[in-house]
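Report on the structure
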Amino acid sequence: MSDPRIEGLLDGLNPAQREAVTWGDGPLLILAGAGSGKTRVLTHRIAWLIQTERARRDELLAITFTNKAASEMRSRAEMLLGHSARGMWVMTFHSACTRMLRAEATRLGYTRQFTIYDQADARRLVKHSLDAVDADPKRFSPAAVHSQISDAKNRLRNAAEYRSMVGSYFEQTVADAYEVYERELVRNNAMDFDDLLVRTVNLLELFPEVRERYQRVFRHILVDEYQDTNHAQYMLLRLLAGERRNIAVVGDDAQSIYGFRGADIRNILDFERDFKEAHIVRLEQNYRSTQTILSAANAVIAHNRDQMPKDLWTEVGEGDPIKVRVLADEHAEARYVLGEIERLVDEGVSRAEIAVFYRTNAQSRVLEDVLVRAEVPYQVIGGTKFYERAEIKDAMAYLTLLANPQDQVSFTRIANSPRRGIGQTSLSRVLAQAATLGQPVWEVAAGAERVPGLGKAAVTAFGRFMDVMGELRALASGGGPVAELLETTLRRSGYLDWLEAERTFEAQGRIENLEELVGVAREFDASAEQGGLDAFLEQVALVSDADARVDDQGLVTLMTLHNAKGLEYPIVFIIGCEEGIFPHSRSLDEGSLEEERRLCYVGITRAMRDLTFSYARRRSLFGVEHYGLRSRFLDELPVELVDAGDEFVAPAFGGAFAGRASAVSSGSSWAAASAGGSAAAAPSVSYRLGDDVLHAAFGEGVVTGVEPGGIVVVRFARDGSERKLLDSAPMERQ
DNA sequence: CGGCTACTATTTTTT
DNA sequence: ATAGTAGCCG
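Residues numbered from 1 in each chain as written. Chains lettered and ligands numbered in written order. Predicted model: local features only at pLDDT ≥ 70, side-chain atom pairs only at ≥ 80, totals over all residues. Heavy atoms only, no water.

Looking only at helices and strands, chain A has 32 helices and 21 strands in total. Of all intrachain contacts in chain A linking residues separated by at least 6 positions in sequence, the fraction that spans at least 24 positions is 73%. Surface summary for chain A: the accessible area is close to 31800 Å², and the carbon and sulfur share equals 49%. (Helix = DSSP H or I, 4+ residues; strand = E, 2+ residues; numbered from the N terminus. Contact = heavy atoms within 4.5 Å. Areas by Shrake-Rupley, 256 points an atom, 1.4 Å probe, with all protein chains shown as cover.)

Right under this line is the structure:
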């Protein structure tokens, strides 16, 4: 190996990384702990395989879960190779499958233009299917049934196989609905997200010539985030790897947090069993966090039973202790975080270096309130997504119907949106007729006068609607810019007029969103490798906007712990660390505590140097006040790594808190007194840290410090100032 | 057919 | 608290 380019490729890699990059043929399992440079290893391995001529560019399949990961991998590989990665299959599972499926669609009874249904579309079709089998809507929610079906699909069980395994009456009905749902998807020339995987597996299993072709093409397969693969993805990989078994997977079982979506942690735990000759490389050196943070992460995850042994370490050094803070309620908690952010920013930290993680999206609200009031710039990642907004879905449904006239879900969505006098009854008649004749819904609607039972007004309404659609379709087939087609569609359909006529603040926002969508289309027209309506629809279907995160604009970042995976921030807050919130109560019911703990592990390992946990004694949930216990995860942190701060003030209502508080060490002399004394010996001061207070002159504030001699430090909401006051000041607790 | 009220559910979600 | 929806009434 004297080629200087290849030597250069290995420069700066540690021995384990180097081993992973240069492992030759056969299955390879890379156990990559958090922050151990797995993307680096993957991209270097891609470059190494190409430079050592083990594979040509177009003989590599590098699979990720997110578009962001795929584009990052692609561009980093390009940098290493010094040339474009065109022709290289670096993409998500779903894109790769879609690509294969489009090419072979007719073998499965689809056309190349098949529509990809997102969660919401799929759910509508499930609802339709439930109606079709006369399921009691009170007992069968589309969401629950869809999740059952999705589960079955992830396990590669079709409706017939699902039926053969049913036990309960519930499952019996699900089986009925599943059967209809399956049939309806084909009839609509549509696939849901799960189908993209399942159908590709079907394709490869049913057609040996297709399977062998792809097996020949892909000399080497690389898979990112292997711990998140489900059974269908596992089978897909097995089929593609074929006899050659040149499959390198990278993952960390400790970061498997998508079990609820069908990810099967056994895929990584059992890799050695499935690929007996597998070589294993462990990446345990962490380049991200302080040793304190890593030790905390190691200690927490050690409470899980099933896991692969690993021990993260770093050369970075000890770093600061992990802070744990208790506040009176979620508002005080938010103000505490705000206060810390302001303090840090004063010290010269960039807001972009700070992230706040929480378990559920709803928790961002309180935090946003205080950030807005304090005028701290921030961004929230996740939550309701751009492409999930009703107006965007409507606009996309118009375009989808133009491309796929069989798609009744899109048809149903827009038929009366804007209002054009097509009601539920008329719509059902048309859909029923389409089903009876086995014709595309478009055809039937275009000939509405031939639909039995349809009123005169309805026939006219359909006529007008389909005239416009026909016109738009002609425009669409011209192959012009998508942006133009979209604008014309919004105009001619009356959708924009409808919104404009509303003259509300909300409608204005919707119009702006649509303008943004036109902007997206314009950008697509200008830059897409492959243009056209079909390609645009596919991009929107498969490319979420989770990639909309910005790094360096001085914004504090707020997101769920799930969204935090793969990211890193110098300063991290994990809020809402209470039993029932995190770990979430549902996880306790469902016995998925270990997954919650892995989520905690993910959260901890995002932090580079500064990590703070917080929890509230009191929190209102769904409008009801609750008193929660601190999260068990906090008690799994080694005492010597924790700065328990003010925890000693906790014994407000007896046993539980007092017991825990005394178990936590702290440098404070008060803590020593509290721990040594009886639990009931609450401090005699009238204010405690985190208390919400109302001062006669300064207004609302939060207690940020309590000092001996009856001195209280209060940060006031009005101007963010922090003042030292005597506890006899004209002030009361709220 | 469309609008209104009443009820309900309310985790996480790469695609 | 709240948003989304189902069912009812004009």
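This next bit is on the packing of aromatic side chains. Applying the stated criterion across every chain yields a total of 19 aromatic pairs. Seen in terms of ring centroids, Tyr162 and Tyr178 are 6.0 Å apart; in terms of plane orientation they differ by 75°. Their pairing is edge-to-face. Within this pair, whereas Tyr162 is found in helix H8 (residues 159–163), its partner Tyr178 is found in helix H9 (residues 169–187), the two being separated by 16 residues in sequence. Ring geometry for Tyr214 versus Phe218: centroids 6.0 Å apart, planes at 15°, classification stacked. Feature note: the residues Trp89, Tyr214 and Phe218 constitute an aromatic cluster, connected by ring pairs. It is Arg102 that lies over the ring of Phe114; its NZ or CZ is 4.2 Å from the centre. The ring of Phe207 carries Arg107 above its face, with NZ or CZ at 5.0 Å from the centroid. (Phe/Tyr/Trp six-rings, centres within 6.5 Å; stacked < 30°, edge-to-face > 60°. Lys NZ or Arg CZ within 6 Å of the ring centre and 35° of its normal.)

This brings us to the protein's contact with DNA strand C. Residues in close proximity to DNA strand C include Lys127, Arg365 and Phe622, which together make up its full environment. The sugar-phosphate portion of DNA strand C accounts for 42% of its atoms within 4 Å of the protein, the bases making up the rest. A distance of 3.3 Å is found between a phosphate oxygen of DNA strand C and a side-chain nitrogen or oxygen belonging to Arg365. Within the backbone of Phe622, one N or O atom sits 3.4 Å away from a base nitrogen of DNA strand C. (Near = heavy atom within 4 Å. Polar contact = N/O pair within 3.5 Å; in protein donor to acceptor, adjacent residues only side chain to side chain.)

Now for the nonpolar core. Inside soluble globular proteins, nonpolar side chains tend to come together where they are buried. Ranked by size, the top nonpolar core spans 66 residues in total, and within it Ile221 and Leu240 carry the most contacts. Ranked by the residues each element gives to this core, the list is headed by helix H12 (residues 231–241), at eight residues. Discounting residues that sit within four places of it in the chain, Ile221 has contacts with Leu61, Leu237, Leu240, Ala241, Asn246, Ile247 and Ala248. Judged by nonpolar contacts, the second largest core, of 55 residues, contains Tyr387, Val444, Tyr495 and Leu517. (Core = buried A, V, L, I, M, F, W, Y, C linked by side-chain atoms within 4.5 Å. Buried < 20%, exposed > 50% of the residue type's maximum accessible area, 1.4 Å probe, protein only.)

Turning our attention to the environment of Pro321. Here Pro321 shows up in the loop between helix H15 (291–301) and strand S9 (322–329). Accessibility expressed as a relative area gives 41% for Pro321, which makes it partly exposed. If we ignore the near neighbours within four places in the chain, the residues touching Pro321 are Thr292, Leu641, Val642 and Asp643.

Within the open sheet, the six strands sit side by side as S3-S2-S6-S7-S1-S8. Their pairing is parallel. Strands at the two margins of the open sheet, each flanked by one partner only, are strand S3 (89–92) and strand S8 (279–283). Neighbouring strand axes in the sheet, compared pairwise and without regard to direction, differ in orientation by 15° on average. As judged from the four bridges shared by strand S2 (residues 60–64) and strand S6 (residues 220–223), these two strands associate in the parallel manner. Paired with Leu61 across the strands is Ile221, a residue of S6. Helix H2 (residues 15–22) contacts strand S1 (28–32) and S8 of the sheet and is inclined by roughly 145° relative to S8. (Pairing = 2+ DSSP bridges. Axes fitted to C-alpha atoms, helices over the stretch in contact; angles between N-to-C directions.)

With that settled, the discussion passes to the packing of H2 against helix H3 (residues 38–51). Where H2 meets H3, the axes come as close as 8 Å, and the angle between the chain directions of the two elements is 40°. Our classification of the angle between H2 and H3 gives oblique. For H2 against H3, the interelement crossing comes out right-handed. Across the interface between the two elements, Gln17, Ala20, Val21 and Thr22 from H2 touch Arg40, Val41, His44, Arg45 and Trp48 from H3. Residue composition of the contact of H2 with H3, by class: four nonpolar, three polar and two charged. (Parallel < 35°, antiparallel > 145°, perpendicular 65-115°, else oblique. Left-handed = near helix turned anticlockwise from the far one by under 90°. Nonpolar A, V, L, I, M, F, W, Y, C, P; charged D, E, K, R; others polar.)

Moving on to the pairing of S3. Pairing geometry for S2 and S3, over four bridges, is parallel. Each bridged residue has a counterpart across the sheet, and for Ile63 the counterpart in S3 is Met91. Crossover connection from S2 via helix H4 (residues 67–81) to parallel S3: handedness right-handed. (Right-handed = clockwise from strand over helix to strand, strands pointing away.)

What follows covers helix H25 (residues 505–527). Compared with an ideal rise of 1.5 Å per residue, which puts 23 residues at 33 Å, H25 spans 33 Å between its outermost C-alpha atoms and is within 8% of the ideal. Turning to H25, its buried residues are Ala507, Ile511, Asn513, Leu514, Leu517, Val518, Ala521 and Phe524. Summarising the contacts, the buried residues of H25 are in contact with helix H18 (390–403), helix H23 (482–492), helix H24 (495–502) and helix H26 (533–542). (Expected span 1.5 Å × (residues − 1).)

Do not read the predicted coordinates in detail wherever pLDDT is low. On average, residues of chain A score 86 in pLDDT, and 90% of them are at 70 or above. In this model residues 648–685 is a low-confidence stretch, pLDDT under 50, and it forms 40 contacts with partners more than four residues away in sequence or in other chains. (pLDDT = per-residue confidence, 0-100.)

We now examine the pattern of salt bridges. One pass over the structure, following the stated rule, counts 48 salt bridges. In this structure, Arg187 engages Glu184 in a salt bridge whose closest nitrogen and oxygen atoms are separated by 3.2 Å. A residue pair is termed a helical-turn pair when its members lie 3 or 4 positions apart in one helix, as Arg187 and Glu184 do in helix H9 at three residues. Assessed through its relative accessible area of 24%, Arg187 is described here as partly exposed. When the shortest N-O distance is used, the salt bridge between Glu596 and Arg359 registers 2.6 Å. Of this pair, Glu596 sits in helix H29 (residues 593–606) while Arg359 sits in the loop between strand S10 (354–358) and helix H17 (364–373), and the two are 237 residues apart along the sequence. Judged by its relative accessible area of 4%, Glu596 is buried. (Salt bridge = Lys/Arg side-chain N within 4 Å of Asp/Glu carboxyl O.)

The subject of this paragraph is the side chain of Thr115. When you line up the elements, Thr115 lands in strand S4 (residues 115–117). Relative accessible area serves as the criterion here: at 8%, Thr115 is assigned to the buried category. Engagement of the side chain of Thr115 in a polar contact is seen with the side chain of Asn404, the distance being 2.8 Å. Aside from chain neighbours lying at most four places away, what touches Thr115 is Asn189, Ala190, Met191, Thr400, Asn404 and Asp407.

Once that is clear, we can look at the state of the cysteines. According to the stated counting rule, one finds zero disulfides in the structure shown. Cys577 forms no disulfide, and the closest cysteine sulfur to it belongs to Cys600, at a distance of 6.8 Å. The class of Cys577 is buried, set by a relative accessible area of 1%. (Disulfide = S-S within 2.5 Å.)

What follows deals with the side chain of Ser614. Tracing the backbone through its elements, the reader meets Ser614 in strand S14 (residues 607–621). On the accessibility criterion, Ser614 (2% relative accessible area) is buried. Aside from chain neighbours lying at most four places away, what touches Ser614 is Arg325, Leu327, Glu333, Ile574, Ile575, Gly576 and Cys577.

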